[in-house]
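# Topology and contacts: notes
For reference, the chains in residue letters:
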Amino acid sequence: RRHSRVTDADVTQSNLILYGKPSHNAKLKEIAGGLPIKVTGQGFELQGKKYSSKTHGLVMVYPNPQNPARYVVIRSGLPYGELLSANHKYDLLPDFVIFRNGTDYDDTDRAVVAGFFDENWQVAERLIWRRGTDAPDPRRVKPEPFEAPPLPEN
């Protein structure tokens, strides 16, 4: 259904997938204040750091603030997974990912910050991964050669 036609029964009985920004999505506007990552007309904010929706995107799953027994998926900003096949687009996504223009070596979008919420659905630094400014390009980092330990002699 269109966001403007989501009913109280939908909120009670269904998980919701919401696209866009609060100014263009009535249901997202209603719940935006109850989300751990702020979604605004300009972008997203996590722990005081702002990301522009012109250059970044957000995918997040969270208990619906209007019905915590159901989930809400938020997709805002840049589209996620354009180079991935439809049946693998969302494989292995954490609870949230903020990504920017460009793709990584495996055709996933270039995550800037991603992670899981804690057992109380709160942001927990211990469960967050951030791309550092000096983060190595995974395509260029070769694993150290593995040498099996010698077998014991009998």
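Conventions used here
Residues numbered from 1 in each chain as written. Predicted model: local features only at pLDDT ≥ 70, side-chain atom pairs only at ≥ 80, totals over all residues. Heavy atoms only, no water. Salt bridge = Lys/Arg side-chain N within 4 Å of Asp/Glu carboxyl O. Helix = DSSP H or I, 4+ residues; strand = E, 2+ residues; numbered from the N terminus. Core = buried A, V, L, I, M, F, W, Y, C linked by side-chain atoms within 4.5 Å. Buried < 20%, exposed > 50% of the residue type's maximum accessible area, 1.4 Å probe, protein only. Contact = heavy atoms within 4.5 Å. Pairing = 2+ DSSP bridges. Axes fitted to C-alpha atoms, helices over the stretch in contact; angles between N-to-C directions. Lys, Arg positive; Asp, Glu negative; His and termini not counted. pLDDT = per-residue confidence, 0-100.

Let us now look at the pattern of salt bridges. Here the idea is simple: oppositely charged side chains can pair when their charged atoms come close. Per the counting criterion, the structure on display carries three salt bridges. The partner of glutamate 30 in a salt bridge is lysine 27, with the nearest N and O atoms 2.9 Å apart. With glutamate 30 and lysine 27 both in helix α2 (residues 26-31) and three residues apart, the pair spans about one turn of that helix.

Okay, the nonpolar core next. Counting residues in each nonpolar core, the largest one holds 23 residues, and the members touching the most others are Leu35 and Ile74. For this core, the secondary-structure elements that each account for two or more residues are β1 (16-19), α2, β3 (43-46), β5 (56-64), β6 (67-77), β7 (96-103) and β8 (109-117). Filtering out sequence-adjacent residues up to four positions away, leucine 35 remains in contact with Leu28, Met60, Tyr62, Pro65, Val72 and Ile74. Tyr80, Phe99, Ala111 and Ala114 belong to the second-largest nonpolar core, a separate cluster that totals seven residues.

Attention shifts here to the pairing of strand β9 (residues 123-130). The two faces of the sheet receive side chains in turn, since in a regular strand these alternate between them. Strand direction decides the pairing type here: β8 and β9, joined by four bridges, are antiparallel. Bridged to alanine 114 within β9 is tryptophan 129. In this structure, the hairpin formed by β8 and β9 is closed by a connection of five residues, where tryptophan 121 is found at a positive phi of approximately 60°.

Our focus in this paragraph is the sheet that holds β7. Reading across from one edge, β1-β6-β5-β7-β8-β9 is the order of the six strands in this open sheet, with mixed pairing throughout. Of all strands in the sheet, those bounded by a partner on one side alone are β1 and β9. Within this sheet the neighbouring strands show an average axis-to-axis angle of 15°, counted without direction.

This part is about the side chain of aspartate 118. By the element assignment, aspartate 118 lies in the loop between β8 and β9. Comment: no salt bridge for buried aspartate 118; closest opposite-charge side chain is arginine 126, at 4.7 Å.

Another aspect to go through is the pairing of β6. The sheet contact formed by β1 and β6 spans four bridges and is parallel. Looking at β6, one finds that leucine 18 is bridged to isoleucine 74. With eight bridges joining them, β5 and β6 adopt antiparallel strand pairing. Each residue of the ladder has a partner; that of valine 59, found in β6, is arginine 75. A loop of two residues connects β5 with β6, the two strands running antiparallel in sequence.

So, about the confidence of the model for the chain. Per-chain confidence: the chain averages 86 in pLDDT, with 89% of residues scoring 70 or above. By mean pLDDT, the top-scoring element of the chain is β5 (96), and the lowest-scoring one is β7 (88).

A separate point is the sheet that holds strand β2 (residues 38-39). The three strands are arranged β2-β3-β4 in an open sheet whose pairing can be described as antiparallel. Here the strands that pair on one side only, and so sit at the sheet edges, are β2 and β4 (49-52). Taken together, the four bridges between β3 and β4 define a ladder with antiparallel strand orientation. Looking across to β4, one finds that glycine 43 is bridged to serine 52.

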